[in-house]
Amino acid sequence: MSGHSKWKNILHKKEKTDAQKAKIFTKIGREMAVAVKEGGPDPASNSKLRDCIAKAKANNVPNDNIKRTIEKATGGDGANYETIVYEGYGPSGVAVIVEALTDNRNRTASDVRHAFDKFGGNLGATGCVSWQFDDKGVILLEKTDEDEDEVMLACLEAGADDVETDGDAIEVYTDPDAMGDVREALEAQGRTILSAEKDKIPQTYITLSDEDALKNMQKMLDMLEDNDDVQNVWHNWEE
């Protein structure tokens, strides 16, 4: 799975400004609200909510915010969000998948299409690029002095499919539906979880060498990720 580094993504997130962090809190809050409405407010019986809470804590969302979001969703307050996935191509044919949680389909579709069009991409039909990605759960563990082979064995025993070491972290890959169970098993082993998220891993990567394509690709990703409706953006650009 070379070329795909969750650790680099985590470092990038940690460097974000307070305004950008507030947006991350908002996005996680939406995800949590949907989880509550789908499976109830008790994380003990709602695995999706458990995963959302773990994600919120990994992103330093205050406990009060988490509690308020759950209470608000439990009371039926707030907008009703639906998940919509868009697929298309960025500059030079980079495959891009955008996952949104929205209460207004028309607004979100217009915003996403604008981001693609503005920077030399084009929005495509459902399924046009998703076949180029594999769905995985990705858990990032803090690296310790423990022997790498022992860590790998412990992760595999916890239910992981694959384990890779990347810089100062260990990337653990799972079936997406098993990610929560594997995360909890690793926590029970006393391991520090830096993040745990469902991801789409590109089967192949595209390297951009043209300066304009590089700039436009980054601007397109920034515009998409800055949109409150957009939860996740996946691509096969090797940055």
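Sequence order sets the numbering: in each chain, residues are counted from 1 along the sequence as written. Under the rules for a predicted model, residues below a pLDDT of 70 receive no local features and side-chain atom pairs below 80 are neither given nor counted, while totals for whole chains, interfaces and linings still include all residues. Values shown for side chains rest on all heavy atoms present in the structure; no hydrogens or waters enter the calculation.

In this section: the overall build of the protein. Counting from the N terminus, the helices are DSSP H or I runs at least four residues long and the strands are E runs at least two residues long. Broken down by element type, the protein carries 8 helices and 8 strands. A globule of 239 residues ought to have a C-alpha radius of gyration of about 18 Å, and the protein, at 18 Å, matches this closely. Along the first, second and third principal axes, the C-alpha atoms of the protein reach 50 × 45 × 35 Å. For the protein, the residues scored as buried account for 42% of the 239 residues in total. Charge assignment in this entry is limited to Lys and Arg as positive and Asp and Glu as negative, and neither His nor the chain termini are counted. By convention, the point assigned to a charge is CZ for Arg, NZ for Lys, CD for Glu and CG for Asp. One finds the centroid of the 29 positive side-chain charges in the protein at a distance of 7 Å from the centroid of its 48 negative side-chain charges. Note on method: radius of gyration uses C-alpha positions; expected globular size equals 2.2 Å times residues raised to 0.38. Accessibility here uses a 1.4 Å probe with only protein chains present; expressed as a share of the type maximum, an area under 20% marks a residue as buried, one over 50% as exposed, and anything in between as partly exposed.

One side-chain nitrogen of Lys or Arg within 4 Å of one carboxyl oxygen of Asp or Glu is enough to make a salt bridge. With the rule as written, the count across this model stands at 14 salt bridges. Here glutamate 187 ties to arginine 183 by a salt bridge, and the two come within 3.5 Å at their closest N and O atoms. Taken together, the residues glutamate 187 and arginine 183, both in helix α7 (residues 179–188) and 4 residues apart, mark about one turn of the helix. Note on glutamate 187: relative accessible area 38%, which makes it partly exposed. Looking at arginine 183, the relative accessible area reads 5%, which means it is buried. Residues participating in the shared-partner salt-bridge network are Arg50, Asp51, Arg183, Glu184 and Glu187.

Right, let's talk about the sheet that holds strand β4 (residues 133–142) for a bit. Whether parallel or antiparallel, the strands of a sheet pair through hydrogen bonds between backbone atoms. When DSSP finds at least two bridges between two strands, those strands are taken to pair. Judged by pairing direction, the sheet is antiparallel, and its 4 strands sit side by side in the order β5-β6-β4-β7 without closing on themselves. In this open sheet, the two strands that pair with only one neighbour each are β5 (162–166) and β7 (193–202). With strand direction ignored, the average angle separating the axes of adjacent strands in the sheet is 25 degrees. Direction of pairing for β4 relative to strand β6 (residues 169–174): antiparallel, over a ladder of 6 bridges. Looking across to β6, one finds that glutamate 142 is bridged to alanine 169. Across the sheet, helix α6 (residues 148–157) lies against β4, β5 and β6, angled at about 145 degrees from β5, the strand it touches most. Note on definitions: angles span 0 to 180 degrees between N-to-C directions of axes, and those axes are lines fitted to C-alpha atoms, for helices only across the stretch in contact. What makes two residues a contact is simply this: any of their non-hydrogen atoms within 4.5 Å.

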